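One-letter residues, chain by chain:
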Amino acid sequence: ALLYALSALQTENNHIAKAVRAYAKDLSPLQANEIAVTPCMGVSCIIEDKSVLVGSRRYLKDNSIAVEEMNDSLSHIYVCLGGEVIGYLILGFEIRKNTFGAIAELKNDLELTTELLSSDEGAVVTELKKQIKFDKAISGASPKFKAEKVSKENAIYVGHEVNDSQALSLVSDS
């Protein structure tokens, strides 16, 4: 499963792809063709004439592949080969040191309400909300949803990494 994830994600530059490449540094990726990326969801491609999907449970569901929901607060990235789940990767979060202070400043000094908008699943987002002390949190948020919510509520959007670049560009275009 790791080799197929590495191969499918080899051209991506988001935090998940970087983590997979770092972990699989001793492996050589296979040739991936017809790579299609759905931002914040997953990647599909063809490797050795077989369909490969790498992504979230929701991404697999959208592609008619059933996966049981995990009851933990970890991010699961599923790997499918030929329509079958062959494994999954578990990702943890490293919260940047300045995050806690930045959120506290927004809440206490500026008296703003803080809300986490994440493409991750519910339990992951709930745990992050609790750890970082956000006032509210929404899971399963697409870049389009994030942009619409920020524009509609005249809010400040702070993103990170490549995954948020689409939402940030949508906000700046509106």
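Heads up: the structure comes first, above all this text.
Described below are features of the structure shown in this document. (Residues numbered from 1 in each chain as written. Predicted model: local features only at pLDDT ≥ 70, side-chain atom pairs only at ≥ 80, totals over all residues. Heavy atoms only, no water.)

On to the sheet that holds strand β2 (residues 42-47). The strand order across the open sheet built from 5 strands is β1-β2-β3-β4-β5, with neighbouring strands paired in antiparallel fashion. Each having just a single partner strand, β1 (32-38) and β5 (84-91) make up the two edges of the open sheet. Adjacent strand axes in the sheet meet at a mean angle of 15° when their direction is disregarded. Bridge count between strand β4 (residues 75-81) and β5: 7 bridges; the pairing is antiparallel. Paired with C80 across the bridge in β5 is V85. (Pairing = 2+ DSSP bridges. Helix = DSSP H or I, 4+ residues; strand = E, 2+ residues; numbered from the N terminus. Axes fitted to C-alpha atoms, helices over the stretch in contact; angles between N-to-C directions.)

Although it is not a glycine, C40 adopts a positive phi angle of roughly 65°. The topology assignment puts C40 in the loop between β1 and β2. Residue C40 is classed as buried on the basis of its relative accessible area of 14%. A positive phi angle, near 50°, is found at E48, a position not held by glycine. Residue placement: E48 occurs in the loop between β2 and β3 (50-55). (Buried < 20%, exposed > 50% of the residue type's maximum accessible area, 1.4 Å probe, protein only.)

On to the packing of aromatic side chains. Scanning the entire structure with this criterion turns up 1 aromatic pair. Aromatic side chains Y78 and Y88 sit 5.8 Å apart centroid to centroid with 50° between the ring planes, which places their arrangement in the tilted category. Of this pair, Y78 sits in strand β4 while Y88 sits in strand β5, and the two are 10 residues apart along the sequence. Of the residues examined, Y78 reaches a relative accessible area of 3% and is grouped as buried. (Phe/Tyr/Trp six-rings, centres within 6.5 Å; stacked < 30°, edge-to-face > 60°.)

Moving on: helix α4 (residues 97-109). Structural remark: α-helix, 3.6 residues per turn; residues separated by three or four positions point the same way. Compared with an ideal rise of 1.5 Å per residue, which puts 13 residues at 18 Å, α4 spans 19 Å between its outermost C-alpha atoms and is within 8% of the ideal. Phi turns positive one or two residues past the end of α4, at E111, with a value near 55°. (Expected span 1.5 Å × (residues − 1).)

Now for the environment of E48. Given a relative accessible area of 53%, E48 falls into the exposed group. If near-sequence neighbours (up to four positions away) are discounted, E48 is found in contact with Y4 and L30. (Contact = heavy atoms within 4.5 Å.)

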